Amino acid sequence: MKTKSGFSRRALIAIGGAAMLVGPALAQAQTVKVGLILPMTGPFASTGRQIEAAAKLYIAQNGATVAGKTIELVIKDDTGTPDVTRRIAQELLVNDKVSFLAGFGLTPLAFAAAPLATQSKTPLIVMAAATSSITEQSPFVVRSSFTLPQITIGIADWASKNGIKKAMTLVSDYGPGIDAEKAFKERLTAAGGEVVGDVRVPLRNPDFSPFLQRVSDAKPDALFVFVPSGAGSQFMKQFVERGLDKSGIKLIATGDVTDDDIVDSMGDVALGTITTHHYSAAHPSPENKAFVEAFRKAANTRPNFMAVGGWDGMHLIYEALKKTNGATDGTALVEAMKGMSWVSPRGPVSIDPKTRDIVQNVYVRKVEKVNGELYNVEFSTFEAVPDPVKAAK
Ligand code: DHB
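Residues numbered from 1 in each chain as written. Predicted model: local features only at pLDDT ≥ 70, side-chain atom pairs only at ≥ 80, totals over all residues. Heavy atoms only, no water.

We count it as follows: UniProt positions are given in the numbering used here, feature names are shortened, and annotations may be inferred rather than shown by experiment.
Looking at an unreviewed UniProt entry, one finds the chain named Amino acid/amide ABC transporter substrate-binding protein, HAAT family and attributed to Bosea lathyri. Among the UniProt annotations of the chain, the heading Sequence similarities (unreviewed entry) holds the following wording: "Belongs to the leucine-binding protein family."

If you want it as structure tokens, here you go:
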């Protein structure tokens, strides 16, 4: 007996049975999972929110299919705690069988997961964390964010060219802060300047007041600051409370401090702050205008440098899969990423084939009011800057 489709019932049952057998296996082979581990709660949740929104936007704009594979994000909250990052990474590898680990909102979180990337030969895309040595923790680490030395030498150069002879540094007391302190000191000193005091503040629940009192007493020409994304608001509040905005001590910083996420809410005290960084929401390029507009529509907020790290990390994953024709061998994927270059919303970028760090422009910026909102307005550029620590090795 024939059914409406023209196949006999027995033939249909046979086809159905075969589909049941190959169906799940086929679906699994055609799906490439990206394990995105981010701090979605706790003090660094803004980093997680920005990267999540950017990764989802990238997929929405570029389609969920690449090289015949369907990309599936598996998003997990590590709360910013290294032990949790390691456990989640293990689960994603063993249970979810992810082909990529990505995210990593803070340096200790990237350090916690890197050995698992090596053991499992899985590409680990660092979208946020920025201590220079992270890429040395595993040959499977590729970075789409930045390094602190890479973006700090520019502000030291700006300082020495703009009459700053004696500076103090204030940094968060962990990997990226120590990198920033060292890079700033070396570069300013080489240009004939002097760092007359260095203070390190705790990463968690920082109270800047006692440290700022020391700065106020020492009266340097400038104070150079690094704190991670999100912590700049508290710093700026206490900078003003201590009266340092009226002390004649020039505030200079990495762009992490005047993060696009929070700079507008800092108010006019932030006006005139000079920073160096690799991304500003005000970057005047067609690629960035389109990115900022789409991000605003999707996430109802301004993208910051974390968002652009997430966006470019997804780009790396997509382009690597295109190069391997959808094959998910980890070694082949990392090889495909080495030397890759593209135009990001931040400007032209490439992956250094030796270090797997991102080579990018670093911009000198000033906080200014644009259409009633505070932005980091770029006014000069250091082009194609590598991580200087590894370039010197
Ligand atoms: C790191 C975290 C940040 O939020 C940031 O702005 C820079 C560096 C880090 O932990 O590596």
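### A word on the overall build of the chain
Selection rule: Starting at the N terminus, helices and strands are each numbered in turn, a helix being any DSSP run of H or I of at least four residues and a strand any DSSP run of E of at least two. Only C-alpha atoms enter the radius of gyration; for comparison, a globular chain is expected to reach 2.2 Å times N to the power 0.38, where N is the number of residues. Only protein chains enter the accessibility calculation, which uses a 1.4 Å probe; a residue is then buried when its area is under 20% of its type maximum, exposed when over 50%, and partly exposed in between. Here, Shrake-Rupley sampling with a 1.4 Å probe gives the accessible areas, and only protein chains in the shown set may cover a residue. Asp and Glu are treated as the negative residues and Lys and Arg as the positive ones, with His and the ends of the chain left uncounted. To locate a charge, the coordinates of NZ of Lys, CZ of Arg, CG of Asp or CD of Glu are taken.
Scanning the chain from terminus to terminus reveals 13 helices and 15 strands. Over its C-alpha trace the chain gives a radius of gyration of 23 Å, about what one expects of a compact globule, namely 21 Å for 393 residues. Reported as C-alpha extents along the three principal axes, the dimensions of the chain are approximately 95 × 45 × 35 Å. Relative to its 393 residues, the chain shows a buried fraction of 55%. Split by element, the accessible area of the chain, about 16200 Å² in all, is 54% carbon and sulfur. Taken together, the 43 basic and 39 acidic charged side chains of the chain have centroids lying 6 Å from each other.

### Remarks on the domain arrangement of the chain
Rule in force here: Note that domain bounds follow an automatic or database assignment of domains. Any two residues having at least one pair of non-hydrogen atoms within 4.5 Å are treated as being in contact. A quick way to say it: buried area is the sum, across both parts, of accessible area lost when two parts are put together, with a 1.4 Å probe. One speaks of a salt bridge when a side-chain nitrogen belonging to Lys or Arg is within 4 Å of a carboxyl oxygen belonging to Asp or Glu. Two N or O atoms form a polar contact when they lie within 3.5 Å of each other; inside protein one atom must be a possible hydrogen donor and the other a possible acceptor, and for residues adjacent in sequence the pair counts only when both atoms belong to side chains.
Splitting the chain by domain gives domain 1 (28-146 + 284-356) and domain 2 (149-277 + 362-391). Each partner contributes to the interface: domain 1 provides 27 residues, whereas domain 2 provides 27 residues. When domain 1 packs against domain 2, close to 2000 Å² is buried across both sides, 51% of that on carbon and sulfur atoms. Taken together, domain 1 and domain 2 are joined by three salt bridges. Between Glu373 and Arg302 there is a salt bridge, with its nearest N and O atoms 2.9 Å apart. For the interface between domain 1 and domain 2, the tally reads 12 residue pairs in polar contact (both at pLDDT 80 or more). Looking at the side of domain 1 that touches domain 2, the elements with two or more residues in it are helix 2 (45-62), helix 4 (107-120) and helix 11 (305-323).

### Remarks on the pattern of salt bridges
A complete count under the given rule lists 20 salt bridges for this structure. With a shortest N-O distance of 2.8 Å, Glu136 and Lys393 are connected by a salt bridge. Placement of the pair is Glu136 in the loop between strand 5 (124-126) and strand 6 (141-143) and Lys393 in the segment after helix 13 (388-391), with a sequence separation of 257 residues. The exposure class assigned to Lys393 is exposed, which follows from its relative accessible area of 68%. If you follow the salt bridges from partner to partner, you end up with Arg143, Asp357, Asp387 and Lys390 in one network.

### Observations regarding the UniProt feature "domain: Leucine-binding protein" (unreviewed entry) in the chain
Within the UniProt annotation, "domain: Leucine-binding protein" (unreviewed entry) is assigned to residues 31-368. Across residues 31-368 one finds 41% helix and 23% strand; the C-alpha atoms that close the span lie 45 Å apart.

### Quick word on the pairing of strand 7 (residues 166-172)
The criterion, for reference: Any two strands with at least two DSSP bridges between them are considered paired. Here a crossover is taken to be right-handed if, once the strands point away from the viewer, the path from the first strand over the helix to the second is traced clockwise.
When you tally the buried positions in strand 7, you get six out of seven residues, the bulk of the element. Pairing between strand 7 and strand 8 (residues 194-201): seven bridges, direction parallel. What sits directly across from Thr169, in strand 8, is Asp198. One crossover worth recording links strand 7 to the parallel strand 8 by way of helix 6 (residues 175-190), and it is right-handed. Where strand 7 meets strand 9 (residues 222-226), five bridges bridge the pair, whose relative direction is parallel. Bridge pairing in strand 9 places Val171 opposite Phe226.

### Side note on the sheet that holds strand 3 (residues 69-77)
Pairing between the strands of a sheet comes from backbone hydrogen bonds, and it takes one of two forms, parallel or antiparallel. Operational definition: Angles shown run from 0 to 180 degrees and are taken between the N-to-C directions of axes, each axis being a line fitted to C-alpha atoms and, for helices, limited to the stretch in contact.
Pairing is mixed in the open sheet, where six strands are placed in the order 2-3-1-4-5-6. The open sheet is flanked by strand 2 (65-66) and strand 6, the only strands paired with a single partner. As paired elements, strand 5 and strand 6 share three bridges and run parallel to each other. Bridge pairing in strand 6 places Val126 opposite Arg143. Most of the contacts of helix 2 go to strand 3, to which it runs at about 170°, and overall it touches strand 1 (31-38) and strand 3.

### Digging into helix 8 (residues 232-241)
Residues of helix 8 that are buried: Gly232, Phe235, Met236, Gln238 and Phe239. On its buried face, helix 8 is in contact with strand 7, helix 7 (209-218), strand 9, strand 10 (250-254) and helix 9 (263-266). Where helix 8 ends, the next residue or the one after it, Gly243, has phi of about 75°, a positive value.

### Observations regarding the confidence of the model for the chain
Applied cut-off: Per-residue confidence from the predictor is given as pLDDT, running between 0 and 100.
For the chain, the average pLDDT comes to 94, and 93% of its residues sit at 70 or higher. The low-confidence segment residues 1-6, where pLDDT is below 50, has eight contacts with residues more than four positions distant or belonging to other chains. Predicted confidence for residues 15-19 stays below pLDDT 50, and this span has two contacts to residues more than four positions away or in other chains.

### So, helix 2
Worth spelling out the cut-off: By this rule, a helix spans an expected 1.5 Å times one less than how many residues it contains.
With 18 residues, helix 2 should cover 26 Å at 1.5 Å per step; its first-to-last C-alpha distance of 26 Å lies within 8% of that length. For helix 2, a buried count of 13 out of 18 residues is recorded, marking the element as mostly surrounded by other parts of the structure. Of the residues one or two after helix 2, Gly63 is the one with positive phi, at around 85°.

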